[in-house]
Amino acid sequence: MRILLSIILSVIVSSGAAAQSAGKQLKREKPDLEKIRLETLDSKSPYYYPRLMKKFQRNDTLMKIDKYRHLYLGYMFQEDYNPYRSSQRDIQYNVLDRSRKLTRQECDSVIMYAEKALADNPFNLGEMVMLIKALREKGKNNLANIWQYKLNYLLMAIVSTGTGEDEENAWYVIEPQHEYVLLNMMDYSVADHVFYDPSYEYITVKDSSGKQRGGFYFNIGPLLQEYYRKHPDEL
């Protein structure tokens, strides 16, 4: 499993020396969500959420994994959090097909709609992947690198929550779509998706050659808890 995780991290942080260095030193541990909640609500804390979000939005590349972990997981405790928020549009370009080259017109459309979607939901990772692809194909590499930095660290924030190898070490996500984006960025395609009580999802995967490569566990308990707290009528 340790070898597999090293491969995962090398794929996720494949662009950017700083991200590569952080990936090699990434510590994986189950998050103390109550501690994260209190720290992100404390105006005197270095993890105070409004400040973290401002740094994220102004493309601060000095933010490292500890702040990204609080930024990502702490979003669950913000008033506008909704893990099942509908997208601004139906995704027209398959995130999973990163090999297909977009036309210039498609690039312009992807960039326009991705920017709108990310303004509404800063952690729409699927749109972020498409935005990076479209920016690179238009030759806007500096801007693409900034978004790649953000994506790398958000994915590392997920991977830092465990190993994904069993329920006890399941990865935490704040939106169900993030499971698929993470696995896709690891060069896997999803083979099957099973929900286990009380709040675990097990996703089996295939590699690029179609060979079965086992699966990974995700803990969506905190996600569901926050969702139902805000939408008790759906219980």
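Residues numbered from 1 in each chain as written. Predicted model: local features only at pLDDT ≥ 70, side-chain atom pairs only at ≥ 80, totals over all residues. Heavy atoms only, no water.

Novice: Would you mind showing me how to read the pattern of salt bridges here?
Specialist: Between side chains of opposite charge, pairing is possible as soon as their charged atoms come close. Tallied over the entire structure, the rule returns 8 salt bridges. For the salt bridge of E137 with K133, the shortest nitrogen-to-oxygen distance reads 3.1 Å. Placement of both E137 and K133 in helix α7 (residues 125-137) is noted, with a separation of 4 residues, approximately one turn of the helix. Judged by its relative accessible area of 25%, E137 falls in the partly exposed class. R229 is paired through a salt bridge with E226; the nearest N and O atoms lie 2.9 Å apart. With a gap of 3 residues between them, R229 and E226 both fall in helix α10 (residues 221-230), about one helical turn apart. The class of E226 is buried, set by a relative accessible area of 8%. (Salt bridge = Lys/Arg side-chain N within 4 Å of Asp/Glu carboxyl O. Helix = DSSP H or I, 4+ residues; strand = E, 2+ residues; numbered from the N terminus. Buried < 20%, exposed > 50% of the residue type's maximum accessible area, 1.4 Å probe, protein only.)

Novice: Help me understand the packing of aromatic side chains, please; the structure alone is not making it clear to me.
Specialist: The description of an aromatic ring pair uses the distance of the two centres, along with the angle that the planes make with each other. Scanning the model with the defined rule gives 15 aromatic pairs in all. Measuring from ring centre to ring centre gives 6.3 Å for Y49 and Y75, while their planes differ by 25 degrees; the resulting arrangement is stacked. A residue pair is termed long-range when its members are at least 10 positions apart, and Y49 in helix α4 (residues 49-57) and Y75 in the loop between α5 (65-74) and α6 (104-120) qualify at 26 residues. Of the two residues, Y49 and Y75, neither departs from the other in class, the shared state being buried. With 5.2 Å between their ring centres and 25 degrees between their planes, Y68 and Y153 make a pair best called stacked. Here Y153 lies in helix α8 (residues 141-159) and Y68 lies in helix α5, a separation of 85 residues in the sequence. (Phe/Tyr/Trp six-rings, centres within 6.5 Å; stacked < 30°, edge-to-face > 60°.)

Novice: Looking at this structure, I do not really get helix α9 (residues 177-185). What am I missing?
Specialist: Side chains of residues three or four places apart in an α-helix project in the same direction, reflecting 3.6 residues per turn. Of all the 9 residues making up α9, 7 are buried; the element is thus mostly covered by neighbouring parts of the structure. Along α9, the residues that are buried comprise H178, E179, V181, L182, L183, N184 and M185. Phi for D187, located one or two positions after α9, is positive at around 70 degrees.

Novice: Mind showing me how you'd approach the packing of α7 against α9 here?
Specialist: Each pair of packed helices gets described by two things: the angle between the helix axes and the distance between those axes. For the pair α7 and α9, the least separation of the axes is 9 Å and the interaxial angle reads 40 degrees. The orientation of α7 with respect to α9, classified from their angle, is oblique. For the pair α7 and α9, the contacting residues are L125, G126 and V129 in the first and Q177, H178, V181 and M185 in the second. Residues that form the contact of α7 with α9 fall into these classes: 4 nonpolar, 3 polar and no charged. (Axes fitted to C-alpha atoms, helices over the stretch in contact; angles between N-to-C directions. Parallel < 35°, antiparallel > 145°, perpendicular 65-115°, else oblique. Contact = heavy atoms within 4.5 Å. Nonpolar A, V, L, I, M, F, W, Y, C, P; charged D, E, K, R; others polar.)

Novice: Please clarify how the environment of M156 should be interpreted in this entry.
Specialist: When you line up the elements, M156 lands in helix α8. A relative accessible area of 0% means that M156 is categorised as buried. The spacing of M156 and R69 is 87 residues in sequence and 8.2 Å in space, taken between C-alpha atoms.

Novice: Mind showing me how you'd approach the confidence of the model for the chain here?
Specialist: Atomic detail in the predicted coordinates should be set aside for any region of low pLDDT. When pLDDT is averaged along the chain, the result is 88, and 84% of the positions lie at 70 or above. Under a pLDDT of 50 for its full length, residues 90-96 has, in the predicted model, 13 contacts with residues more than four places off or in other chains. (pLDDT = per-residue confidence, 0-100.)

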